[in-house]
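One letter stands for each residue in the lines below.
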Amino acid sequence: MAGETVITVIGNLTADPELRYTQNGLPVANLTIASTPREFDRNANEWKDKETLFLRGSVWREFAEHVAGSLKKGMRVMAQGRLRQRGYTDREGNQRTAIELEIDEIGPSLRYATAEVTRAASNGGGAAPAAAQTEQWATPSSGDDAWSTPGSFGDDTPF
């Protein structure tokens, strides 16, 4: 959509994603990413942390169940999404503003870790967590060409 502020944030999850369901049964996962920029101090000849940004984010529907079943506290993640601003009234009756990330894509950062990806089978929009219904992508042995072997990645390409 034109005019939306799309950003990418890289940081660590401050807690496990919190999976909840709306009154209509729609899954939503909320999470917080802590992103701490670093800069090199030439005078001290060392890296120094700058102020940490704590950014709340949310994902919806089946995506929320995938996130809650895959990501854990402390994981380094990359998230891309749209900034949303909303107003609310706090407990003391003061008007407040919150800026949150409506996440379009999120996954583990592979800079300092490895990950094994499983493809989630579609659950048709039901309430059962899709994370429980996964099919492993076939990993071709060395020398095999995954693109020329029928069925190597199921019926679809891996992306």
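### With respect to the pairing of strand β4 (residues 38-41)
Turning to step 1, where the next piece is worked out: Where β4 lies against strand β5 (residues 46-49), 4 bridges are found, and the strand directions are antiparallel. Of the residues in β5, the one forming a bridge with Phe40 is Trp47.
Turning to step 2, where the next piece is worked out: In sequence, β4 turns back onto β5 through a hairpin of 4 residues, with Asn45 there showing a positive phi of about 55°.

### Observations concerning the confidence of the model for the protein
Interpreting fine coordinate detail is not advised for predicted regions of low pLDDT.
Turning to step 1, where the next piece is worked out: Looking at the protein as a whole, the pLDDT averages 82, with 75% of positions reaching at least 70.
Turning to step 2, where the next piece is worked out: Per-element confidence in the protein is highest for strand β3 (residues 27-35), whose mean pLDDT is 97, and lowest for strand β10 (residues 134-136), whose mean pLDDT is 39.
Turning to step 3, where the next piece is worked out: In this model, residues 126-155 is a region of pLDDT below 50 whose contacts with residues beyond four sequence positions or in other chains number 44 contacts.

### Re the packing of aromatic side chains
Turning to step 1, where the next piece is worked out: One pass over the full model with this rule turns up 1 aromatic pair.
Turning to step 2, where the next piece is worked out: Aromatic pair Phe40 and Trp47: ring centres 5.4 Å apart, planes at 70°, arrangement edge-to-face.
Turning to step 3, where the next piece is worked out: With a relative accessible area of 38%, Phe40 lands in the partly exposed category.

### Focus on the nonpolar core
Turning to step 1, where the next piece is worked out: Leu31, Ile33 and Ile106 are the most contacted members of the largest nonpolar core, which has 15 residues in total.
Turning to step 2, where the next piece is worked out: If you list the elements that add at least two residues to this core, you get β1 (6-13), β3, β6 (53-60), α1 (61-70), β7 (76-89) and β8 (95-108).
Turning to step 3, where the next piece is worked out: If sequence neighbours within four positions are ignored, Leu31 has contacts with Leu13, Pro17, Leu55, Arg56, Gly57, Val67, Ile103 and Ile106.

### Some details on the pattern of salt bridges
Turning to step 1, where the next piece is worked out: Summed over the entire model, instances satisfying the criterion amount to 12 salt bridges.
Turning to step 2, where the next piece is worked out: Among the ionic pairs, Glu39 bridges to Lys50, the shortest N-O distance being 3.4 Å. Taken together, the positions of Glu39 in strand β4 and Lys50 in the loop between β5 and β6 put the pair 11 residues apart, joining distant regions of the chain.
Turning to step 3, where the next piece is worked out: You can call Lys50 partly exposed: its relative accessible area is 44%.
Turning to step 4, where the next piece is worked out: Between Arg82 and Asp104 there is a salt bridge whose closest N-O contact spans 2.7 Å. In this pair, Arg82 is assigned in strand β7 and Asp104 in strand β8, connecting sequence segments 22 residues apart.
Turning to step 5, where the next piece is worked out: You can call Arg82 buried: its relative accessible area is 16%.
Turning to step 6, where the next piece is worked out: For Asp104, a relative accessible area of 33% translates into the label partly exposed.
Turning to step 7, where the next piece is worked out: Counted as one network, the salt bridges with shared partners bring together Glu4, Arg82, Arg84, Glu102 and Asp104.

Parameters and conventions
The numbering scheme is per chain: residues are counted from 1 as the chain's sequence reads. Local features in a predicted model are, by the rule used here, given only for residues with pLDDT of at least 70; side-chain atom pairs are given and counted only at 80 or more, and totals for whole chains, interfaces and linings are based on all residues. Only hydrogens and water are removed before side-chain values are computed, so all heavy atoms of the structure are retained for them. Whether two strands pair comes down to DSSP finding at least two bridges between them. Helix numbers and strand numbers start at the N terminus; a helix is a DSSP run of H or I with at least 4 residues, a strand a run of E with at least 2. The quantity called pLDDT is the predictor's confidence in a given residue, expressed from 0 to 100. In what follows, residue pairs with any heavy atoms lying within 4.5 Å of each other are defined as contacts. Here the aromatic set is Phe, Tyr and Trp, taking the six-membered ring for Trp, and pairing holds for ring centres within 6.5 Å; pairs whose planes are under 30 degrees apart are stacked, those over 60 apart are edge-to-face, and all others are tilted. Note on classification: 1.4 Å probe, protein chains only; a residue is buried when its accessible area is under 20% of the maximum for its type, exposed when over 50%, partly exposed between these limits. Only buried Ala, Val, Leu, Ile, Met, Phe, Trp, Tyr and Cys residues count toward a nonpolar core, and they belong to the same one when joined by side-chain atoms within 4.5 Å. Counted as salt bridges are all cases of a side-chain nitrogen of Lys or Arg within 4 Å of a carboxyl oxygen of Asp or Glu.

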